[in-house]
Structures are given as C-alpha cells and as structure tokens.
Amino acid sequence: MTKKIAIIAEHGNGKVKPITYELYTMAQKIQELEPSECDIQFFILGQDTKFIAHSINANTGENTHSVDIPVAHYNGSLYIKVLSALFTKKRVDYICAPHSTSGMDYAPALSVALKGSCITGVEEVEKSEGKICFVRSLFGQKISATLVGESCPLVMTLQPGSFKPDPFKLGSPNKKNNGMVEKIVECSGDKMVFTGTRPSASEGSDLDKAEVIVSGGRGIEEEENYQYIEMLAALFPRSATGGSRPICDYGWVKYSKQVGITGTLISPKLYIACGISGAAQHVDAIRDSKFIVAINTDPDAPVFRIADVCIVEDLIEFIPLFVEKFKKRHRGHR
Ligand SMILES: Cc1cc2nc3c(=O)[nH]c(=O)nc-3n(C[C@H](O)[C@H](O)[C@H](O)COP(=O)(O)OP(=O)(O)OC[C@H]3O[C@@H](n4cnc5c(N)ncnc54)[C@H](O)[C@@H]3O)c2cc1C
C-alpha cells in the first residue's frame, strides 16, 4: 500500500519559508528508505494561500493543498482542529512540520488528537533493522537519540538546518507527478485570539549590520562579567555584542541582543562565542557566519563542532590576557 507523507508548509508575509523545502528533503529521504511507494503532499494553512501553493507546486511538482482558515496569523488551536479533522478524513502515515515556534506548538497536540506518535527536533533519518529511525539530540547536543514511531501517523518536527534542500531534486521536470493545487475550505471557531505583532526584538542591536559579533553565554557566570565580552568586541571596528537566550532571560543583556532562532539570525565575518555550549537553537542562527571562534572550558562542548577555532580556556582568564597581548602587539606595529 502506498504510504502518504504530509508536509505542513511554513510561510510568512506571502512567502514560503526555507524550512518548507528542508521538510521536503527529509520527506524525500523517508521516501528513499521506505520499502513501499511513498506519496508526498504539501498542506498550506492560511488565508489566500493559493499563490504560495502554486509556488511550492512549481518548485517540487508535488500535490499541494491550500487550506483556507479564517485567520491570517498562526493560531494554535485552529491549526490543531483543522489538521486533525483533515488527517482523520485523509489518512497519512507521516506528518512533517518545522521545529519552529508554531510547529513545536501544534505538532505534539496534533499527534495526540490523531492517536499517533510524535518525535520533535529531528536531525537525521536512517534505517536500522528494517525500521525507519529518526535521530535527534538531547541534553544540549551531548547525546544523540535514535527513535522509532510506534503508532501511526508519526508527527515530526524538523530541526532547521538539518536537511539542506537539494536543488537537483527541486522542480525536476522528469517528475511523474505533475502536481496539482487543490483548495480545501476549512472554517471553524477557535479559542485563541490574535492580538497583534511587535517589531523584531533585534531592532537597534546592530547585530544585523556588525562585521564582528562577540557573544556571551551562561559561561560568563555573572552579569558583571559581560564586561569581558564588551572588552573583546571593542578590539574590532564595526563590532557588536550579543548573548545566548539564558543571559537575556536573566536580564543581564537586552533581548534585542539575543542570538538564536528565537532571537536574531546573524551572518557576520567573524563570530566569537564565549561560554556558549552550542545548543541547536543557538547554532542554527550562526551557521552563516564566515568564521567562528569558540571559547569554552569544556573540550566536548557542541559549539566546537561548528567552530573554525576552538579555545579550551576559562573566558574570564583568557579574554583579559588576550586583549592585553593584542593591544601590546598592535602598539608594536605602529
Ligand atoms: C524553543 C526554544 C528556543 C530557543 N531559542 C534560543 C535562542 O534563540 N538562542 C539561544 O541562545 N538559545 C535558545 N534556546 C535555549 C537553548 O536551548 C540553550 O538552552 C541555550 O542556548 C544555552 O545557552 P548557553 O550556551 O549560554 O548556556 P549553557 O548551555 O548552560 O552553556 C554554558 C557553557 O559555558 C561553558 N562555560 C562555563 N563556564 C565557563 C567559563 N568560565 N569559560 C568558558 N566557558 C565556560 C560551559 O562549558 C557550557 O558549555 C531556545 C530553547 C528553546 C526550547
């Protein structure tokens, strides 16, 4: 029997978000590993999503369903209601959603509503002993867990940055399935009320313009040690300082400085992560940096997997010494 894979597209401001095509790459991997034939379909929830549906259809050649709901913005209770009604009618085996703020909100509840399984934060798909398994990190990327969905449908959320879309597999003219865009109208009341949007928290932080960004994490240990981050950043022209989410939560720095998937996504020439472990939510936002330096006392810190230069040192001792030496050398060159 043909297996069915549903992808819940993520979109905003009338555009498809890149994670949608990462979900497609993951679905194609499942398709390769599944012994039975697999059919991939996209579902786009929102108001007036026909244009988005056509663009996904043109890029992938897969069937695309535009699901009309009476709200323009994400609404968790409505998503769960509409998707569970939809997938009760249309049987599917896999439901792929993004590991985004909205995906993490609706995916687990959707699996409960459909009496299925749920695996969040998927980073890899593999086959072991004839079963399709899903790999995700645990404990700040220190442990890798391999999981299998025991009940159907399996609802998954995909960690952004895990499956880079393959341009050769997108929009292939040789696809058997030429794709279609079907409009499904779903209207029902909901319990959540949209109250408005706020400007991005990164406004005024210079994180988007800086060529060098130095960030501090929980490893700075106390608020006053953020001076070391500022001291290091001051060595570079066109620099800015940032922080991981915990130090913003503690109120040590403003949220406008938060680097990460729920803060600002950055792409400086140089990124220096000080006392930051390298959780997926932080690392996914720094991948586009040209050069990454990490300072951490733990030689096994996950941040070192992405860093170009790894410094295993206590930042509180290392940074003042480095700054002093750097300044001495700089004076010597003048
Ligand atoms: C939905 C969601 C969204 C999130 N969004 C974000 C986000 O946008 N940005 C973000 O950053 N996080 C985000 N997080 C949190 C994220 O999962 C991690 O908890 C967070 O990034 C960890 O911050 P950290 O690295 O500063 O702290 P920790 O993980 O506690 O790491 C501290 C590190 O400092 C090192 N250290 C300790 N002392 C020293 C020292 N003296 N010198 C050098 N190194 C030292 C330690 O070895 C450790 O590796 C999010 C989480 C969720 C669930």
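Scroll up for the structure.
Right, let's walk through the structure included here. This structure is a prediction, so every number in the text was calculated from the model and none was measured.

### So, the site of the ligand
And step 1. The local shell around the ligand holds 26 residues, among which Arg-218, Ser-244, Thr-262, Ser-277 and Asn-296 are the closest.
And step 2. A distance of 3.1 Å separates an oxygen atom of the ligand from a polar backbone atom of Ile-261.
And step 3. Gly-275 is positioned such that a nitrogen or oxygen atom in its backbone is 3.1 Å from an oxygen atom of the ligand.
And step 4. Starting from 980 Å² of accessible surface for the ligand in isolation, the protein chains cover 78%.
And step 5. The cavity that encloses the ligand is the second largest pocket.
And step 6. Elements with a contribution of two residues or more to the shell around the ligand: helix 6 (245–249) and helix 7 (280–283).
And step 7. Residues that form the shell around the ligand fall into these classes: seven nonpolar, 13 polar and six charged.

### Section: a negative patch on the surface
And step 1. Among the surface-exposed residues, Glu-221, Glu-222, Glu-223 and Glu-224 lie close enough to one another that they form a single negatively charged patch.
And step 2. Relative to the helices and strands, Glu-221 is located in the loop between strand 13 (212–216) and helix 5 (226–233).
And step 3. Taking relative accessible area as the criterion, Glu-221 reaches 55% and is therefore assigned exposed.

### Things to note about the pattern of salt bridges
And step 1. The final tally for this structure, using the stated rule, is nine salt bridges.
And step 2. The shortest N-O distance in the salt bridge between Lys-269 and Glu-211 comes to 3.6 Å. Note that Lys-269 is positioned in the loop between helix 6 and strand 15 (270–274) and Glu-211 in the loop between strand 12 (181–185) and strand 13, a separation of 58 residues in sequence.
And step 3. The exposure class assigned to Lys-269 is exposed, which follows from its relative accessible area of 52%.
And step 4. Take Glu-211: its relative accessible area is 26%, and that puts it in the partly exposed class.
And step 5. Residues Arg-287 and Asp-284 are paired through a salt bridge, measuring 2.9 Å at the closest nitrogen-oxygen approach.
And step 6. Taking relative accessible area as the criterion, Arg-287 reaches 39% and is therefore assigned partly exposed.
And step 7. When salt bridges with common partners are traced through the structure, they connect Glu-211, Arg-238 and Lys-269 into a single cluster.

### Side note on the environment of Ile-261
And step 1. Residue position: Ile-261 is located in the loop between helix 6 and strand 15.
And step 2. Taking C-alpha positions, Ile-261 is 9.3 Å from Ile-286, a pair spaced 25 residues apart along the chain.
And step 3. Residues contacting Ile-261, with those up to four places away along its chain left out, are Gln-281, Asp-284 and Ala-285.

### Focus: the layout of surface pockets
And step 1. By volume, the second largest pocket amounts to about 460 Å³.
And step 2. Around the second largest pocket, the lining comprises 22 residues; the ones closest to its centre are Ser-244, Arg-245, Pro-246, Ala-279 and Gln-281.
And step 3. Of all the secondary structure elements, the ones that give two or more residues to the lining of the second largest pocket are helix 4 (101–113), helix 6 and helix 7.
And step 4. In terms of residues, the lining of the second largest pocket owes the most to one element, helix 6, which gives three residues.
And step 5. Along the lines of polarity and charge, the residues of the lining of the second largest pocket split into six nonpolar, 13 polar and three charged.

### Looking at unusual backbone geometry
And step 1. A cis geometry characterises the amide bond from Cys-152 onward to Pro-153, with omega recorded as 0°.
And step 2. Looking at the element boundaries, Pro-153 is found in the loop between strand 10 (143–147) and strand 11 (154–158).

### Concerning the packing of helix 1 (residues 19–33) against helix 2 (residues 50–60)
And step 1. The geometry of helix 1 relative to helix 2 is characterised by a closest axis approach of 12 Å and an angle of 40° between their N-to-C directions. As far as their axial angle goes, helix 2 and helix 1 are oblique. Viewed along their axes, helix 1 and helix 2 form a crossing whose handedness is right-handed. Of the residues in helix 2, those touching helix 1 at Thr-20, Tyr-21 and Tyr-24 are Ser-55, Ile-56, Asn-59 and Thr-60.
And step 2. Class assignment for the residues of the contact of helix 1 with helix 2 results in three nonpolar, four polar and no charged.

Calculation criteria
- Residues numbered from 1 in each chain as written.
- Predicted model: local features only at pLDDT ≥ 70, side-chain atom pairs only at ≥ 80, totals over all residues.
- Heavy atoms only, no water.
- Near = heavy atom within 4 Å.
- Polar contact = N/O pair within 3.5 Å; in protein donor to acceptor, adjacent residues only side chain to side chain.
- Areas by Shrake-Rupley, 256 points an atom, 1.4 Å probe, with all protein chains shown as cover.
- 1 Å grid on protein atoms, 1.4 Å probe; cavity = no way out; pocket = protein on both sides within 12 Å on 5 of 7 lines; lining within 4 Å.
- Sits in = over half its atoms within 2 Å of the grid points.
- Helix = DSSP H or I, 4+ residues; strand = E, 2+ residues; numbered from the N terminus.
- Nonpolar A, V, L, I, M, F, W, Y, C, P; charged D, E, K, R; others polar.
- Patch = residues over 30% accessible without salt bridge, like charges linked within 9 Å, V, L, I, M, F, W, Y side chains within 5 Å.
- Salt bridge = Lys/Arg side-chain N within 4 Å of Asp/Glu carboxyl O.
- Lys, Arg positive; Asp, Glu negative; His and termini not counted.
- Charge placed at Lys NZ, Arg CZ, Asp CG, Glu CD.
- Buried < 20%, exposed > 50% of the residue type's maximum accessible area, 1.4 Å probe, protein only.
- Contact = heavy atoms within 4.5 Å.
- Points joined across faces, edges and corners; volume = space filled by probe spheres on them.
- Axes fitted to C-alpha atoms, helices over the stretch in contact; angles between N-to-C directions.
- Parallel < 35°, antiparallel > 145°, perpendicular 65-115°, else oblique.
- Left-handed = near helix turned anticlockwise from the far one by under 90°.

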